[in-house]
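Residue-level structure breakdown
As a plain string of letters, each chain reads:
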Amino acid sequence: MSEYDYDLFVIGAGSGGVRAARTAAATGARVAVAEDRYLGGTCVNVGCVPKKLYSYAAHFHEAFEDAGGFGWHLAEAPRFDWATLRDNKIGEIKRLNGIYGRLLDAADVRLINERARVVDAHHVEVGGETVSAEKILVAVGGWPWTPDFPGKELTVNSNQVFDLETFPERFLVLGGGYIAVEFASIFNGLGSEAHLVYRGDLFLRGFDQEVREFTRDEMAKKGVNLHFDANIEAIEKVEGGLRVTLTSGEQLEVDAVLAATGRRPHLEGLGLEALDVARTESGHLAVNERFETSVPSILALGDVTGGPELTPVALAEAMQLVRHHFEPGEPAPLDYRHIPTAVFCHPNIGTVGLSEEQARAACGEIRVYAADFRPMKHTLSGSSERCLMKLIVDDASDVVVGAHMVGEEAGEVIQGIAVAVRAGLTKADFDATVGIHPTGAEEFVTMRTPTRR
């Protein structure tokens, strides 16, 4: 008999925590999970899932406009109802919460609906009891962070923005990452006068430069007001809304301000400071390839460790953690290269592999193939939206080291391309692939002449 109550005690029932709990339990381990907020974590409740639902909603605005060119005429002007979207989203999230609970129950994992606190290397206090575990996994994810400025308490964060009481006719987003550009696009599409304020000269730092510039131009065409090289100096309540003063001196009156200024590890109150668990300079938990912290029995994965803050990464880490700690043998290291990602701004971004700038630094001689075109759909719709597709090739090996797209359903297209990039296929392999016609995606296998070297 084990000297511990559990073989694994998981703190946090988000994507990574639930996957680790279920996978470990499938090996015969005795597992418990503590969660004090909502099953499914950020992704299901205040992240990927509701964001994608709201993005779908925002696209209808353009669909109604595009329909005229195809012969469809609406009997009356479309009318958007925020409460319907918000409340239907709530119902869908509750359904998903239930699925997560049933998955844990089916795996024979004990669920404790309380916030847990680590007492020592093998004990956790939760719900008024102290339990022991051979290993403790911290998978609590991140929490929105807002910088200090006068009136910061008047902002909403990315956890709160989905459930606003009333629809903001004038909406401002502070930030320049995924969340900021997505919500600027979403509220613009839903009908708000949308503003995005970012302290840098261009949003989406770290993405391919051409992708960033193309996205900037397309978002501006769609009506998003972009304020670069600016920050919020102060926010004050005024009659009928909020007055936002920018560092440039410009003043904007809006109904809501979203501070999309990043997320930080949600580690407060977990008791890890008392154990002197090491952190990185950014405040994340430092872990080795086995996901062990400086206290070996305390493990961590997902957003608290400072890696790519993506749900599929947390899922992959959870399965890798179980291989290390609950299955025989030593697994191959987890490969963090060629992780595809999407940004659900309008138009969408999909990307995998190296940016052009990264490829020039890593490979030296490269070939760039790019196509900037008006999609077939918009020859009749009348929309001026354009699409960008781009391949980056290492000249010496002919291997495709990066693929990027800005356009409708970019994430869907790049998911398939990611398999080819991860497999190390060459440009000759792409050229030898027969395209599906007529599709936009066929551009990835029909670009023959380098745009530049």
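Residues numbered from 1 in each chain as written. Predicted model: local features only at pLDDT ≥ 70, side-chain atom pairs only at ≥ 80, totals over all residues. Heavy atoms only, no water.

Scanning the protein for helices and strands turns up 11 helices and 21 strands. Each principal axis of the C-alpha distribution contributes one length, and for the protein these read about 70 × 65 × 45 Å. The long-range share in the protein, meaning contacts at least 24 apart out of those at least 6 apart in sequence, stands at 64%. For the protein, the exposed area adds up to about 20,800 Å²; of that, 51% sits on carbon and sulfur atoms. Separation between the mean location of the 43 positive side-chain charges and that of the 66 negative ones in the protein comes to 2 Å. (Helix = DSSP H or I, 4+ residues; strand = E, 2+ residues; numbered from the N terminus. Contact = heavy atoms within 4.5 Å. Areas by Shrake-Rupley, 256 points an atom, 1.4 Å probe, with all protein chains shown as cover. Lys, Arg positive; Asp, Glu negative; His and termini not counted. Charge placed at Lys NZ, Arg CZ, Asp CG, Glu CD.)

This next bit is on the sheet that holds strand S20 (residues 387-394). The five strands lie next to each other as S17-S18-S21-S20-S19, forming an open sheet whose pairing is antiparallel. A single partner strand is all that each edge strand has here, and the edge strands are strand S17 (341-343) and strand S19 (366-373). Neighbour-to-neighbour, the strand axes of the sheet open up by a mean angle of 10°, direction not taken into account. On top of the sheet, helix H8 (residues 356-363) reaches strand S18 (349-353), S19, S20 and strand S21 (400-406); it is set at about 170° to S19, its chief contact. Together, S17, S18 and S21 form the strand contacts of helix H10 (residues 410-422), whose direction differs from that of S21 by roughly 175°. (Pairing = 2+ DSSP bridges. Axes fitted to C-alpha atoms, helices over the stretch in contact; angles between N-to-C directions.)

Vacant regions in the atomic arrangement are exposed by a probe of water-molecule size rolled over the atoms. There is about 630 Å³ of room inside the second largest pocket. Where the lining of the second largest pocket is concerned, the elements lending two or more residues are helix H3 (48-67), helix H5 (178-190), helix H6 (209-221) and helix H9 (378-381). In terms of residues, the lining of the second largest pocket owes the most to one element, H3, which gives 11 residues. Here the residues of the lining of the second largest pocket are counted per class, giving eight nonpolar, 14 polar and 11 charged. (1 Å grid on protein atoms, 1.4 Å probe; cavity = no way out; pocket = protein on both sides within 12 Å on 5 of 7 lines; lining within 4 Å. Points joined across faces, edges and corners; volume = space filled by probe spheres on them. Nonpolar A, V, L, I, M, F, W, Y, C, P; charged D, E, K, R; others polar.)

The full count for this structure, using the stated rule, is one cavity of 30 Å³ or more. In this structure, the largest cavity spans a volume of roughly 40 Å³. In this structure, the largest cavity is lined by Pro144, Ser158, Ile179, Ala259, Ala260, Thr261, Gly262 and Arg263. When grouped by side-chain class, the residues that make up the lining of the largest cavity number four nonpolar, three polar and one charged.

Right, let's talk about the pairing of strand S11 (residues 232-238) for a bit. Each regular strand shows side chains that alternate between the opposite faces of the sheet. Inspection of the sheet shows S11 paired to strand S12 (residues 241-246) by six bridges, in the antiparallel sense. Following the sheet pairing, Glu236 is matched in S12 by Arg243. Taking the residues between adjacent antiparallel strands as the criterion, S11 and S12 are bridged by two residues, where Gly240 takes a positive phi near 85°.

On to the packing of aromatic side chains, then. Any pair of aromatic rings gets described here by the distance separating the centres and the angle formed by the planes. By the definition in use, this model includes 13 aromatic pairs. Here the aromatic rings of Tyr54 and Trp82 are separated by 5.6 Å at their centres, their planes lie at 80°, and the arrangement is edge-to-face. Of this pair, Tyr54 sits in helix H3 while Trp82 sits in helix H4 (residues 82-106), placing them 28 residues apart in sequence. For the pair Tyr54 and Trp82, one class covers both residues: buried. Measuring from ring centre to ring centre gives 5.3 Å for Phe162 and Phe183, while their planes differ by 70°; the resulting arrangement is edge-to-face. Taken together, the residues Phe162 in the loop between strand S7 (142-144) and strand S8 (170-174) and Phe183 in helix H5 connect sequence positions 21 residues apart. (Phe/Tyr/Trp six-rings, centres within 6.5 Å; stacked < 30°, edge-to-face > 60°. Buried < 20%, exposed > 50% of the residue type's maximum accessible area, 1.4 Å probe, protein only.)

Let us now look at the sheet that holds S11. The pairing of strands in a sheet happens through backbone hydrogen bonds and is either parallel or antiparallel. An order of S11-S12-S13 is seen for the three strands of this open sheet, with the pairing classed as antiparallel. On the outer flanks of this sheet lie S11 and strand S13 (251-254), each paired with one strand and no other. In this sheet, neighbouring strand axes are inclined to one another by 20° on average, regardless of whether the strands run parallel or antiparallel. The sheet contact formed by S12 and S13 spans four bridges and is antiparallel. Bridging across to S13, Leu242 finds its partner in Val254.

As a further point, take the nonpolar core. Val161, Phe183 and Phe187 are the most contacted members of the largest nonpolar core, which totals 38 residues. For this core, the secondary structure elements donating two or more residues are H3, H4, S8, H5, H6 and strand S14 (256-259). With seven residues, H5 is the single largest residue contributor to this core. When residues no more than four places from it in sequence are discounted, the contact partners of Phe183 are Val161, Phe162, Phe171, Val173 and Leu258. (Core = buried A, V, L, I, M, F, W, Y, C linked by side-chain atoms within 4.5 Å.)

Further remarks concern the pattern of salt bridges. Scanning all chains against the criterion turns up 33 salt bridges. Arg117 is the salt-bridge partner of Glu125, the closest N and O atoms lying 3.3 Å from each other. The partly exposed category is assigned to Glu125, whose relative accessible area is 34%. As a salt-bridge pair, Glu356 and Arg360 come within 3.0 Å of each other at their nearest N and O atoms. With Glu356 and Arg360 both in helix H8 and four residues apart, the pair spans about one turn of that helix. Several salt bridges converge on common partners, so that one network encompasses Asp208, Glu210, Glu356, Arg360, Lys390 and Arg452. (Salt bridge = Lys/Arg side-chain N within 4 Å of Asp/Glu carboxyl O.)

We now examine the UniProt feature "domain: FAD/NAD(P)-binding" (unreviewed entry) in the protein. Annotation from UniProt places "domain: FAD/NAD(P)-binding" (unreviewed entry) at residues 6-318. The distance from the first to the last C-alpha atom of residues 6-318 is 18 Å, and the span holds 31% helix and 24% strand. (UniProt positions renumbered as here; feature names shortened; annotations may be inferred.)

Here we take up the environment of Pro308. If you trace the backbone, Pro308 turns up in the loop between strand S16 (298-300) and helix H7 (311-326). The class of Pro308 is partly exposed, set by a relative accessible area of 35%. Along the sequence, Pro308 and Ile339 sit 31 residues apart, while their C-alpha atoms lie 8.8 Å from each other. The residues contacting Pro308, other than those within four sequence positions of it, are Val313, Tyr336 and Ile339.

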